[in-house]
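# Chain and residue survey
Each chain is listed here by its residues.
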Amino acid sequence: MQARAAAIADGHEAEQVWLLEHPPLYTAGTSAKPVELIEARFPVFESGRGGQMTYHGPGQRVAYVMLDLKRRGPDVRRFVATIEEWIIRTLAAFNVRGERREDRVGVWVRRPEKGDGFEDKIAAIGIRVTQWVTLHGMALNVDPDLTHFSGIVPCGVSERRYGITSLADLGILVSMPEVDMVLRREFETLFGPTDYAVASTENNSPGRRNVRSSSAPSRYRFARRWRKMGRAGRPRQWHPVFPARQRTPLRPNRRGGCAPSHRCHA
C-alpha cells in the first residue's frame, strides 16, 4: 500500500481502492495504548494509521482508499467526512441509519432496545496521509464474529453503553457481494465514476478478465482484493477485482485542512 501511494504521489500510478477481508487480527493505530489490548487472542500489528486499537476479520469489509488529495483538494477533514458519508449512504441502502458523533470515532447506530443512550459502532475509520495521498480507510461490520472485539478496547471507547454491532446483528442478512455493489455505487456518487474489471492471481478461469482503463493520467482504479497475511503481517498474494478511471472533486462537508503528513481516525 505504501509503495502504491508513493507511486500515486509521483504520478506514476492511478488512484485505487482495495476492498479486503482480513483473517482475524488486531491493529494498533498511532494513538493505541498497551492497556487497550485486553487479551491478544489474535496477531497484533502496528498499522501506522491514526486511531487506537481495532479488530479486523472475516465478515468485515475493509476498504483501503488511496486517493490523491493534492489534485482533489488538500483537505483531510473533508476527505474523512466524505468517507463517513460513504458509509452512511451505504448503510441507508440497507435501511440502517448510521450517524456521526463529535465525541466518538466511527459511524454509530442507536440501540434504544438496549437502554437509554445506548449506541453501537458499525464502522471504523482510520487513515494516514503521506505526500497528500491517503492510505488505510474504513472497516464496515457486515457479519463478523463480534466476540472477537472483546480482546481489545475498540478505538479506546470503554463506556458500557457503547458497543459494537454489524448488519447481521441488526437483522440485515446480506452477502459481501451485495455490500460491495452498494459500496461501489455510493463511492461513485461521492468520488466519481469507476470502471469495472475482474482479474485474479488465484483463479484464471475464463470468466475472469483484466480491463485496463483507457483514460488519461487523471483516472483512478477501484479494486477489490483479498489479502492473505504472511507471518510478519505482509500480504503473500493479492486478488484484484475492479480497475477504474476518472477523477472528480471530493464533495462536501467539513471545513478545515491538515498537514500533508497526517494521521486521522474518525
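Placed above this text is the structure.
The structure presented is a predicted model; accordingly, all values stated were derived computationally and were not measured.

### Here's the deal with the sheet that holds strand S2 (residues 25-28)
The strand order S3-S2-S4 describes an open sheet built from three strands, whose pairing is mixed. Of all the strands in the sheet, just strand S3 (44-46) and strand S4 (53-56) have a single pairing partner and so form its edges. Taken pair by pair, the neighbouring strands of this sheet meet at an average axis angle of 30 degrees, ignoring direction. Relative to S4, S2 runs antiparallel, the two being bridged by four bridges. Within the sheet, the bridge partner assigned to Ala28 lies in S4 and is Met53.

### Description of empty space enclosed by the protein
Considering all chains together, one arrives at one cavity of 30 Å³ or more under this definition. Size it by volume and the largest cavity reaches roughly 60 Å³. Secondary structure elements with two or more residues in the lining of the largest cavity: S4, strand S8 (119-130) and strand S9 (133-141). When the residues that make up the lining of the largest cavity are grouped by side-chain class, the tally is nine nonpolar, three polar and one charged.

### Some points on the pattern of salt bridges
A full pass over the atoms with the stated rule returns 20 salt bridges. Across the salt bridge formed by Asp180 and Arg61, the nearest N and O atoms sit 2.8 Å from each other. Separated by 119 residues along the polypeptide, Asp180 in helix H4 (residues 176-191) and Arg61 in strand S5 (residues 60-66) bring together distant segments of the chain. For Asp180, a relative accessible area of 1% puts it in the buried group. Taken together, the salt bridges that share partners define one network made up of Arg97, Glu99, Arg101, Asp103, Arg104, Arg110 and Glu119.

### A short note on the nonpolar core
Soluble globular proteins: nonpolar side chains tend toward being buried together. Membership of the largest hydrophobic core comes to 36 residues, with the highest contact counts inside it found for Phe79, Ile83, Trp86, Ile87, Met138 and Leu167. For this core, the secondary-structure elements that each account for two or more residues are strand S1 (15-20), S5, helix H3 (76-92), strand S7 (104-110), S8, S9 and H4. Discounting residues that sit within four places of it in the chain, Ile83 has contacts with Val65, Ile125, Met138 and Phe191. By size, the runner-up hydrophobic cluster in this structure holds twelve residues, among which are Ala5, Ala9, Tyr64 and Val133.

### What about the pairing of S8?
Among the twelve residues of S8, ten are classified as buried, and the element is accordingly described as predominantly covered. The sheet contact formed by S7 and S8 spans four bridges and is antiparallel. Following the sheet pairing, Arg110 is matched in S8 by Glu119. Relative to strand S10 (residues 162-164), S8 is paired through three bridges, and the arrangement is parallel. What sits directly across from Asp120, in S10, is Gly163. In the sheet, S8 pairs with S9 via eight bridges, with the strands oriented antiparallel.

### A short note on the packing of aromatic side chains
What the rule picks out here adds up to eight aromatic pairs. Aromatic side chains Tyr26 and Tyr55 sit 5.9 Å apart centroid to centroid with 65 degrees between the ring planes, which places their arrangement in the edge-to-face category. Residue Tyr26 is found in strand S2, and its partner Tyr55 is found in strand S4; the two are separated by 29 residues along the sequence. A residue is classified by how much of its surface remains accessible, and Tyr26, at 0% relative accessible area, is buried. Residue Tyr55 is classed as buried on the basis of its relative accessible area, which comes to 1%. With a centroid separation of 5.9 Å and an interplanar angle of 45 degrees, the aromatic rings of Phe42 and Tyr55 are classed as tilted. Remark: Tyr55 occurs in strand S4 and Phe42 occurs in the loop between S2 and S3; sequence separation between them is 13 residues. Assigned by exposure class, Phe42 and Tyr55 land together as buried.

### Considerations on the environment of Ala123
For Ala123, the location among the structural elements is in strand S8. Expressed as a C-alpha distance, the spacing of Ala123 and Ser166, which sit 43 residues apart in the sequence, is 8.3 Å. Those residues within four positions of Ala123 in sequence are excluded, and the remaining contacts are Ile87, Gly106, Val107, Ala139 and Leu140.

### As for the pairing of S1
S1 sits mainly inside the fold: six of its six residues count as buried. Burial along S1 is two-sided: the residues Glu15, Val17 and Leu19 and Gln16, Trp18 and Leu20 are all buried. One ladder, built from five bridges, connects S1 with S5; its direction is antiparallel. Bridge pairing in S5 places Trp18 opposite Tyr64.

Reading the values: rules and limits
- Residues numbered from 1 in each chain as written.
- Predicted model: local features only at pLDDT ≥ 70, side-chain atom pairs only at ≥ 80, totals over all residues.
- Heavy atoms only, no water.
- Pairing = 2+ DSSP bridges.
- Helix = DSSP H or I, 4+ residues; strand = E, 2+ residues; numbered from the N terminus.
- Axes fitted to C-alpha atoms, helices over the stretch in contact; angles between N-to-C directions.
- 1 Å grid on protein atoms, 1.4 Å probe; cavity = no way out; pocket = protein on both sides within 12 Å on 5 of 7 lines; lining within 4 Å.
- Points joined across faces, edges and corners; volume = space filled by probe spheres on them.
- Nonpolar A, V, L, I, M, F, W, Y, C, P; charged D, E, K, R; others polar.
- Salt bridge = Lys/Arg side-chain N within 4 Å of Asp/Glu carboxyl O.
- Buried < 20%, exposed > 50% of the residue type's maximum accessible area, 1.4 Å probe, protein only.
- Core = buried A, V, L, I, M, F, W, Y, C linked by side-chain atoms within 4.5 Å.
- Contact = heavy atoms within 4.5 Å.
- Phe/Tyr/Trp six-rings, centres within 6.5 Å; stacked < 30°, edge-to-face > 60°.

Spatial relationships are all this shows, so hold off on functional conclusions.
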